[in-house]
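Breakdown of the fold
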Amino acid sequence: MSESSPFVLTPGTLGLGDLRALWRNPRPVVLDPACGAAIDAAAATVADVVRQGKRVYGVNTGFGSLARTTIDDTRLGELQRRLVRSHSAGVGAPLPPRVVRLILLLKVNALARGHSGVRRRVIDALLALLNAEAIPVIPAKGSVGASGDLAPLAHLAGVLLGDGQVDLNGTRLPAGEALTRVGLAPLDLAAKEGIALLNGTQVSTALALDGLFAGLDAFAAALAAGALSVDAMLGSDVPFDPRIQAVRGQPGQTAVARVLAAMLAGSGIRASHLTCDRVQDPYSLRCQPQVMGAALDVLESAAAMIAREANAVSDNPLVFPDTGDILSGGNFHAEPVAMAADMIAIAQAEVGALSERRIALLTDAHMSALPAFLIAEPGLNSGFMIAQVTAAALASENKGLAHPTSIDSLPTSANQEDHVSMATHGARRLGEIAWNTGHIVAIELLAGAQGVDLRHPLKTSPALCEVMAAVRARSAFVGQDRALAPDIAAIHDLVASGWFAERIQPNDAISLLK
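First things first, this report covers the structure right here in the doc. Quick caveat: nothing in here was measured; it's all calculated off a predicted structure.

Let's shift gears to a nonpolar patch on the surface. On the surface, Met385, Ile386 and Val389 cluster together to form a nonpolar patch covering roughly 240 Å² of accessible area. When you line up the elements, Met385 lands in helix 17 (residues 385-401). For Met385, a relative accessible area of 31% translates into the label partly exposed.

On strand 6 (residues 165-168), burial follows the alternation: Val166 and Leu168 on one face are buried, whereas Gln165 and Asp167 on the facing-out side are not. Summarising the sheet, strand 4 (residues 134-136) and strand 6 pair through three bridges and their orientation is antiparallel. By the bridge assignment for strand 6, Ile135 is matched with Asp167. Of the strand pairs in this sheet, strand 6 and strand 7 (residues 171-174) are connected by four bridges, and their pairing is antiparallel. Its bridge partner lying in strand 7, Val166 is registered against Leu173. Linking strand 6 to strand 7, which pair antiparallel, is a turn of two residues; within it Asn169 sits at a positive phi near 55°.

What the three strands build is an open sheet, ordered 4-6-7; its pairing is antiparallel. The open sheet has two edge strands, strand 4 and strand 7, and neither has a second partner. Each adjacent strand pair in this sheet contributes to an overall mean axis angle of 35°, direction not counted.

Charged atoms that come close allow side chains of opposite charge to pair. Within the structure shown, the criterion is met by 24 salt bridges. Across the salt bridge formed by Glu78 and Arg75, the nearest N and O atoms sit 3.0 Å from each other. Among the ionic contacts, a cluster of salt bridges with common partners joins Arg20, Arg24 and Asp217.

A separate point is the packing of helix 17 against helix 18 (residues 423-453). Orientation of helix 17 relative to helix 18, taken along the N-to-C sense of each, is 155°, at an axis distance of 9 Å. As far as their axial angle goes, helix 18 and helix 17 are roughly antiparallel. The hand of the helix 17/helix 18 crossing is left-handed. Residue-level contacts link Ala387, Thr390, Ala391, Leu394, Ala395, Glu397, Asn398 and Leu401 of helix 17 to Arg429, Glu432, Ile433, Trp435, Asn436, Thr437, His439, Ile440 and Ile443 of helix 18.

Core analysis: the biggest nonpolar cluster contains 161 residues, and Phe219, Val467, Phe500 and Ile510 have the highest contact counts within it. Sort the elements by how many residues they give to this core and helix 9 (residues 202-232) lands first, with 19 residues. Those residues in contact with Phe500, other than ones at most four positions away along the chain, are Ala220, Ala221, Ala224, Leu445, Val467, Leu494 and Val495.

What follows deals with the packing of aromatic side chains. Under the counting rule described, the total for this entry stands at two aromatic pairs. Aromatic pair Trp23 and Phe213: ring centres 5.3 Å apart, planes at 55°, arrangement tilted. Pair noted here: Trp23 is in helix 1 (residues 16-24) and Phe213 is in helix 9, with a separation of 190 residues, a long-range link. For Phe213, a relative accessible area of 1% puts it in the buried group. On the numbers, 4.9 Å between centres and 80° between planes, the contact of Trp499 with Phe500 is edge-to-face. Here Phe500 falls in the buried class, since its relative accessible area comes to 3%.

Turning to unusual backbone geometry, a few remarks are in order. Omega for the bond connecting His456 with Pro457 falls within 30 degrees of zero, at 15°, which places this linkage in the cis form. With respect to the secondary-structure elements, Pro457 resides in the loop between helix 18 and helix 19 (462-472). A cis amide bond links Gln505 with the next residue in sequence, Pro506, at an omega value of -5°. Within the fold, Pro506 resides in the segment after helix 20 (485-496). Here the phi dihedral of Leu234 falls at roughly 55°; this positive angle occurs in a residue that is not glycine. Among the structural elements, Leu234 can be located in the loop between helix 9 and helix 10 (242-246). Of note in the backbone geometry, Phe373 takes a positive phi value of approximately 60° without being a glycine. Counting through the fold element by element, Phe373 comes out in the loop between helix 16 (365-368) and helix 17.

Here we come to the side chain of His492. Structurally, His492 is set in helix 20. Beyond its immediate sequence surroundings of up to four residues, His492 is in contact with Trp435, Gly438, His439 and Ala442.

We now examine helix 17. When the terminal C-alpha atoms of helix 17 are compared, their 25 Å separation across 17 residues agrees well with the 24 Å that a helix rising 1.5 Å per residue should span. On its buried face, helix 17 is in contact with helix 15 (335-363) and helix 18.

As a further point, take the environment of Asp73. Examined against the element boundaries, Asp73 turns out to sit in the loop between helix 2 (36-52) and helix 3 (76-87). With 238 residues separating them in the primary sequence, Asp73 and Asn311 have C-alpha atoms 32 Å apart.

A word on the packing of helix 9 against helix 11 (residues 251-264). A pair of packed helices is characterised by two quantities: the angle between their axes and the separation of those axes. Viewed as axis vectors pointing N to C, helix 9 and helix 11 meet at an angle of 50°, and their least axial separation amounts to 10 Å. Between helix 9 and helix 11, the crossing angle belongs to the class labelled oblique. As for how helix 9 packs across helix 11, the hand of that crossing is right-handed. Counted together, Phe219, Leu223, Ala224, Ala227, Val230 and Asp231 of helix 9 and Val256, Val259, Leu260, Met263 and Leu264 of helix 11 form the full contact between these two elements. A class-by-class count of the residues in the contact of helix 9 with helix 11 yields 10 nonpolar, no polar and one charged.

Next up on the list: the side chain of Gln245. Mapping Gln245 onto the fold places it in helix 10. Engagement of the side chain of Gln245 in a polar contact is seen with the backbone oxygen of Pro239, the distance being 2.9 Å. Not counting chain neighbours up to four residues away, the residues in contact with Gln245 comprise Pro239, Phe240, Gln253, Thr254, Ala257, Pro289 and Gln290.

For helix 3, which comprises 12 residues, the first-to-last C-alpha distance of 17 Å matches the rise-based estimate of 16 Å (1.5 Å per residue) to within 8%. On its buried side, helix 3 packs onto helix 2, helix 6 (150-161) and helix 8 (193-198).

The rules behind these values
- Residues numbered from 1 in each chain as written.
- Predicted model: local features only at pLDDT ≥ 70, side-chain atom pairs only at ≥ 80, totals over all residues.
- Heavy atoms only, no water.
- Patch = residues over 30% accessible without salt bridge, like charges linked within 9 Å, V, L, I, M, F, W, Y side chains within 5 Å.
- Areas by Shrake-Rupley, 256 points an atom, 1.4 Å probe, with all protein chains shown as cover.
- Salt bridge = Lys/Arg side-chain N within 4 Å of Asp/Glu carboxyl O.
- Helix = DSSP H or I, 4+ residues; strand = E, 2+ residues; numbered from the N terminus.
- Buried < 20%, exposed > 50% of the residue type's maximum accessible area, 1.4 Å probe, protein only.
- Pairing = 2+ DSSP bridges.
- Axes fitted to C-alpha atoms, helices over the stretch in contact; angles between N-to-C directions.
- Parallel < 35°, antiparallel > 145°, perpendicular 65-115°, else oblique.
- Left-handed = near helix turned anticlockwise from the far one by under 90°.
- Contact = heavy atoms within 4.5 Å.
- Core = buried A, V, L, I, M, F, W, Y, C linked by side-chain atoms within 4.5 Å.
- Phe/Tyr/Trp six-rings, centres within 6.5 Å; stacked < 30°, edge-to-face > 60°.
- Expected span 1.5 Å × (residues − 1).
- Nonpolar A, V, L, I, M, F, W, Y, C, P; charged D, E, K, R; others polar.
- Polar contact = N/O pair within 3.5 Å; in protein donor to acceptor, adjacent residues only side chain to side chain.

Structure representation (structure tokens):
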């Protein structure tokens, strides 16, 4: 974790920019002291309910279909502890540390708004884990995204009790030992604290944010790759004229066209064929504003939904200290995340599909007027032949992964939870789609750079010369056949670093990339 100044978290105010910065470059987090009164008031409201002997779901009852069972006051702490342990039933590989950090941050953000009824010490313990880089081991699978992300959040909560495992400084430890090393003791949960920790959409939301941010890195790189391919293909920049975009009025299309026009401005390659006899380019070149712009509009809409959820209080029941009410509802249902994840999946699949089509154009000598498969002595050399096949395989895989998950549901908990969102695996697959799309775009960047170099002595634009320099710093011109897998991996690392998002011009064109 960075040694920079702490990020001050005012509950309920996390912006996408904040979340993205903390996702990419973790730093210590401290709570705004002003939130303490709300936290204390909610905890006091729960304590008052217990003292008054009122029957309230999740405080002194069973859970799910067992909600009609009343629990004796002397066993309320045991009830919460057993809840956490019984729900720790996840399976699969652990979630990546960057995702678990987001889960911890989002859980703190929600609990600290003062509607969950937990004591400050619970929130402080979560913050201590986050700031010590003590990463709870959370199995990736086991949530249907309704009644909260119960199983994965139980594995998170279990660590606070001394159960489970923690990754600390690269070493996997029993939770009890890890707590000791970071100066914590296992918590004794009070009434409602277990269900507050387990209920909520923080796992689905963190996974969606992770996929969104990785996908935006790929999106930015795809804009650069698309511009590079236009120049390598001797394509036209006329389709990016602002007048064309204005008469349609789609904001994403207009923004993408601005970026593509700016990236191609000043290209010597473009100037060399202004009077050529080609009237139109293939759609994957010409219709980039329309396709990428539609994807951008969808991503912006989905991002807004997820940003709201990142600041939501989504456990159940909810505490309202101003009236003393504890109300049972359904904020744990992750349908907004599920639908947003489907939107992101479809948009990202299209970004990859369009990129793959441009790779196919570049490697087709009949379309590009470049050597077959972008290599000297084609036949003896195969050049980018199989790199394009890899891109096609990834694009096709994305089509299957992009199938909507929010339309699926299976009843759980003896039909008490009879409609669920499936948001968790819907959000989790976004990481794989972004990974696939990032690699497709990496292949296009290599192919586009090869095509531009084959146009020598003509030079591309100043903006694309910077892109070319970044690519060539990691991958030399392919003069004869060599294994391209290391080159693809190196350029994918560049894509995933956010380098392209930082260099989009004009810098006010696409605010979502900032």
